[in-house]
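Single-letter residue listing:
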Amino acid sequence: MNLRRLQIETTWGALTLAGGSRAGEGTLILLPQLHLALDAGRPHRALPPMSTVVISHGHMDHLGGVAYWASQRFLQSMGPATLVVPRPIAAEVENLLATHARLEGGRPYPIDLVPVDDGGTYSFRRDMELIFFSTDHWVPTLGARLRWRRHHLLPALADLPGEEIARRRLAGETVTEELTIDLLAYCADSGPGLLRDHPEVLGAEVLLIECSFYRPADRERAARFGHMHLEDLLPWVDRLGCRHLVLLHPSRRHRLREVEEILDERLRPHLDCSLHHLMVDWE
Ligand SMILES: [Zn+2]
Ligand SMILES: [Zn+2]
């Protein structure tokens with residue numbers, strides 16, 4: 001099936017997000033311009049071109065496409081790739097891939113496995129890194145902020161002619177400063193404790209966050225399994241600093257049409273940012 005596709009404006013430029021998400025069935029979020037996948041919960045033909053895959057936790061709906069990704073990259077000679085996983089599950093994921101490679105009768109997949117911890121970082125290209133944070137789920141789970149580092153001219157030099165700036169640069173003078181911008185935060189599976197422990201996610205330009213439950217009767221269920229209920233999210237709306245809010249991971253207890261109606265009625269009118277979602281019914 002086709003993934004949902006969002007094109008959203010950020011300081012970096014128009015960022016494409018392609019993906020789909022449904023609790024228990026699969027969450028798969030691709031940033032094709034960056035060759036980056038945030039969770040690989042389902043096999044999908046759009047997944048193998050991603051050279052970096054980040055897994056948030058060991059639940060099947062976030063991990064189920066990893067062996068397919070590694071296998072397809074191997075079969076299609078797509079070159080080495082990197083799989084970033086929380087350290088507590090790194091050895092098991094390595095075994096999983098080794099088992100699949102043996103079952104296929106081939107050599108080990110050329111995947112570089114990188115274990116990461118809460119507070120750790122991983123740089124996947126010169127100007128971008130991921131910063132990991134623990135979420136509020138019932139197994140070890142890491143979300144990630146995507147930080148872009150850009151250099152721009154020192155404001156004090158803005159009025160100088162280009163030749164003068166070039167002359168100063170050649171003379172060894174510092175003419176630029178580095179700015180860091182949190183382009184995106186992916187909060188994986190998480191209850192509301194995440195928003196108390198890591199309020200920095202609220203400042204990312206694009207905030208991808210789960211909202212699994214919507215009905216009053218499901219409040220206790222959400223708390224028990226470390227998931228977000230709409231009622232958990234609403235008190236935080238005034239503190240959102242994002243330009244785009246992208247919701248994920250609706251429970252199968254809800255039809256998508258019902259979720260969209262509830263969002264239009266209860267969330268959208270209170271937001272200063274734009275509201276999107278990557279919720280799908282996987283076929
Ligand atoms: Zn999940
Ligand atoms: Zn989970």
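Procedures and definitions
- Residues numbered from 1 in each chain as written.
- Chains lettered and ligands numbered in written order.
- Predicted model: local features only at pLDDT ≥ 70, side-chain atom pairs only at ≥ 80, totals over all residues.
- Helix = DSSP H or I, 4+ residues; strand = E, 2+ residues; numbered from the N terminus.
- Buried ≥ 20, exposed ≤ 12 C-beta atoms within 10 Å, placed from the backbone.
- Contact = placed C-beta atoms within 7 Å.
- Core = buried A, V, L, I, M, F, W, Y, C linked by C-beta atoms within 7 Å.
- Pairing = 2+ DSSP bridges.
- Axes fitted to C-alpha atoms, helices over the stretch in contact; angles between N-to-C directions.
- Arc of directions from axis to C-beta.

**Student:** Sorry, what's going on with the environment of Tyr 109 here?
**Tutor:** Looking at the element boundaries, Tyr 109 is found in the loop between helix 3 (87–103) and strand 7 (111–116). The class of Tyr 109 is buried, set by 21 C-beta atoms lying within 10 Å. As for Tyr 109 and Ile 131, which are separated by 22 residues in sequence, their C-alpha atoms are 26 Å apart. Ignoring anything within four residues of it in the chain, the contact list for Tyr 109 reads Ala 70, Ser 71, Phe 74, Leu 97 and Ala 101.

**Student:** What exactly am I supposed to notice about helix 4 (residues 162–170) here?
**Tutor:** Owing to its 3.6 residues per turn, the α-helix aligns residues three or four sequence positions apart on the same side. For helix 4, the tally of buried residues reaches only zero of nine residues, placing the bulk of the element at the surface. Note on helix 4: the residue one or two positions beyond its end, Gly 172, has a positive phi of about 90 degrees.

**Student:** Explain the nonpolar core to me, please; I cannot follow it from the model alone.
**Tutor:** Side chains of a nonpolar character, in soluble globular proteins, are inclined to be buried together. Of all hydrophobic cores here, the largest spans 64 residues; its most connected members are Ala 37, Ile 55, Leu 207 and Leu 208. Broken down by element, the residue count for this core peaks at five residues, all from helix 2 (residues 66–75).

**Student:** Sorry, what's going on with the pairing of strand 7 here?
**Tutor:** Side-chain direction in a regular strand flips from residue to residue, so the side chains alternate between the two faces of the sheet. Here strand 6 (residues 81–86) pairs with strand 7 via six bridges, running parallel. Among the inter-strand pairings, Thr 82 is bridged to a residue of strand 7, identified as Asp 112.

**Student:** Help me out: how do you make sense of the sheet that holds strand 3 (residues 26–31) in this one?
**Tutor:** Across a sheet, strands are paired by hydrogen bonds formed along the backbone, either parallel or antiparallel in direction. The seven strands lie next to each other as 1-2-3-4-5-6-7, forming an open sheet whose pairing is mixed. Since the sheet does not close on itself, it has two edges, and those belong to strand 1 (4–10) and strand 7, each with one partner. Going across the sheet, the axis of each strand differs from the next one's by a mean of 20 degrees, ignoring polarity. Where strand 4 (residues 36–40) lies against strand 5 (residues 52–54), three bridges are found, and the strand directions are parallel. Bridging from a neighbouring strand, Leu 38 pairs with Val 54 of strand 5. Where helix 3 meets the sheet, its contacts fall on strand 6 and strand 7, and the angle it forms with strand 7 comes to roughly 160 degrees.

**Student:** In this structure, what is going on with unusual backbone geometry? I would like to understand it.
**Tutor:** The bulk of non-glycine residues show a negative phi, and the bulk of peptide bonds are trans. Phi is positive for Ser 77, which is not a glycine, with a value near 50 degrees. Mapping Ser 77 onto the fold places it in the loop between helix 2 and strand 6. What makes Ser 77 exposed here is the crowd of 7 C-beta atoms within 10 Å.

**Student:** Got a minute to help me understand helix 2 in this structure?
**Tutor:** For helix 2, the complete set of buried residues consists of Val 66, Ala 67, Trp 69, Ala 70, Arg 73 and Phe 74. Down the axis of helix 2, the smallest arc covering the buried residues is 160 degrees, so these residues share one side. Considering only its buried residues, helix 2 is in contact with strand 4, strand 5, helix 1 (60–63), strand 6, helix 3 and strand 7. Downstream of helix 2 by a residue or two, Ser 77 has a phi angle that is positive, lying close to 50 degrees.

**Student:** Sorry if this is basic, but what is going on with the sheet that holds strand 14 (residues 274–277) here?
**Tutor:** Reading across the sheet, the seven strands line up as 8-9-10-11-12-13-14 and stay open at both edges, with mixed pairing between neighbours. If you trace the sheet from one side to the other, it starts and ends with strand 8 (121–125) and strand 14, each paired once. Going across the sheet, the axis of each strand differs from the next one's by a mean of 25 degrees, ignoring polarity.

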